[in-house]
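Geometric and topological summary
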Amino acid sequence: MKYLLHILCVLILICSNNFVYSQCNLLTVDAGANISICDGQSVQIGGNPTADNGLLGSLSYSWSPNLSISDQTIANPIVNPSSTTTYTVTVTRTIGPQSCSESSNIIVTVNPLPNVTFSSLNDVCSNAPAFPLSGGFPNGGVYLGPGVNNNEFDPSTANIGNNTITYTYTDGNGCTNSATQTINVLQVPQAILFPNPPSQIV
């Protein structure tokens, strides 16, 4: 009888393990497609879904490295690495006392922000005509600020005194940076005519 029970237990264990292994073979893990971001940005990683949860058992997630990641134990964490990083997710399916794992990688490429400069601007009189702004580098950016329209500065529509002008540039990777300068608009004094006292003629 003991021998039969032993054989029965062995058969149950083998069947149980075979069932777990069959479930493991069906476990698919997807860390998501490789993605590029700009320095300072955040992005959500993981697949849709990260693991097939249509099978039996429970799933647990473990992301590595533990670097600029919101939560290592969820399917779709938020990351904001400062340099290009390969993240690996390991998904473990647990069925009773048995478990199995599969892994997947995603590369998050971090592109640097463009180096943007903006030369100083000369003072201008309030009655000066509108003129194109310049001094922003690299070329091809956009100027914004008081009195600015279509990259031209119109002193008559700007503020008297200092006006902050921002030059913004976006590079081929879609990364944006900016620089600022001030332009001082001088109020033109109004002419006052006094009468000639002897003749009272202006």
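Things to note about the overall build of the protein
On a plain count of helices and strands, the protein comes out with one helix and 15 strands. For the protein, buried positions account for 32% of its 202 residues. Of the contacts made within the protein by residues no fewer than 6 positions apart, 55% connect residues no fewer than 24 positions apart. For the protein, the computed accessible surface area is about 12,400 Å², with 54% contributed by carbon and sulfur atoms.

Description of the nonpolar core
Grouped together as the largest cluster of nonpolar side chains are 19 residues, with contacts concentrated most on Ile 45 and Trp 63. When contributions to this core are tallied by element, the ones reaching two or more residues are strand S3 (58-64), strand S5 (85-95) and strand S6 (98-111). Setting aside anything within four residues of it in sequence, one finds Ile 45 in contact with Ala 31, Trp 63, Ala 75, Asn 76, Pro 77, Val 79, Tyr 87, Ile 106 and Val 108.

Examining the sheet that holds strand S8 (residues 124-125)
In space, the four strands of this open sheet follow the order S8-S15-S14-S11, with mixed pairing throughout. Edge positions in the open sheet fall to S8 and strand S11 (142-144), since each of these has one partner strand only. Across three bridges, S11 lies against strand S14 (residues 161-170) in antiparallel orientation. In the sheet register, Leu 144 faces S14, and the bridge partner there is Thr 166.

Considering the packing of aromatic side chains
A ring pair, where both rings are aromatic, is described by two values, the distance of the centres and the angle of the planes. Evaluation of the coordinates by the stated rule reveals four aromatic pairs. Members of the aromatic cluster, each reached through a chain of ring pairs, are Phe 118, Tyr 143 and Tyr 167.

Things to note about the state of the cysteines
Throughout the structure, instances matching the rule amount to one disulfide. Note on cysteine connectivity: Cys 38 is disulfide-linked to Cys 175, with sulfurs 2.1 Å apart. Note on the Cys 38 and Cys 175 pair: the S-S dihedral is about -95 degrees, so by sign convention the disulfide is left-handed. Taken together, the residues Cys 38 in strand S1 (residues 35-38) and Cys 175 in the loop between S14 and strand S15 (176-186) connect sequence positions 137 residues apart. Considered together, Cys 38 and Cys 175 belong to a single accessibility category, that of buried residues.

Describing the environment of Pro 114
Here Pro 114 is to be found in the loop between S6 and strand S7 (117-118). Judged by its relative accessible area of 10%, Pro 114 falls in the buried class. In the structure, Pro 114 is positioned 62 residues away from Thr 176 in sequence and 6.7 Å away in space, judged by C-alpha atoms.

What to know about the sheet that holds strand S9 (residues 131-132)
Strand order in the open sheet formed by three strands is S9-S13-S12, and the pairing between neighbours is antiparallel. Of all the strands in the sheet, the pair left with one neighbour each is S9 and strand S12 (148-149).

Some details on unusual backbone geometry
Each neighbour pair has its own omega, and for Asn 48 with Pro 49 the value is 5 degrees, a cis peptide bond. One can find Pro 49 in the loop between strand S2 (43-44) and S3. Of note in the backbone geometry, Asn 150 takes a positive phi value of approximately 55 degrees without being a glycine. Secondary-structure assignment places Asn 150 in the loop between S12 and strand S13 (152-153).

Reading the values: rules and limits
- Residues numbered from 1 in each chain as written.
- Predicted model: local features only at pLDDT ≥ 70, side-chain atom pairs only at ≥ 80, totals over all residues.
- Heavy atoms only, no water.
- Helix = DSSP H or I, 4+ residues; strand = E, 2+ residues; numbered from the N terminus.
- Buried < 20%, exposed > 50% of the residue type's maximum accessible area, 1.4 Å probe, protein only.
- Contact = heavy atoms within 4.5 Å.
- Areas by Shrake-Rupley, 256 points an atom, 1.4 Å probe, with all protein chains shown as cover.
- Core = buried A, V, L, I, M, F, W, Y, C linked by side-chain atoms within 4.5 Å.
- Pairing = 2+ DSSP bridges.
- Phe/Tyr/Trp six-rings, centres within 6.5 Å; stacked < 30°, edge-to-face > 60°.
- Disulfide = S-S within 2.5 Å.

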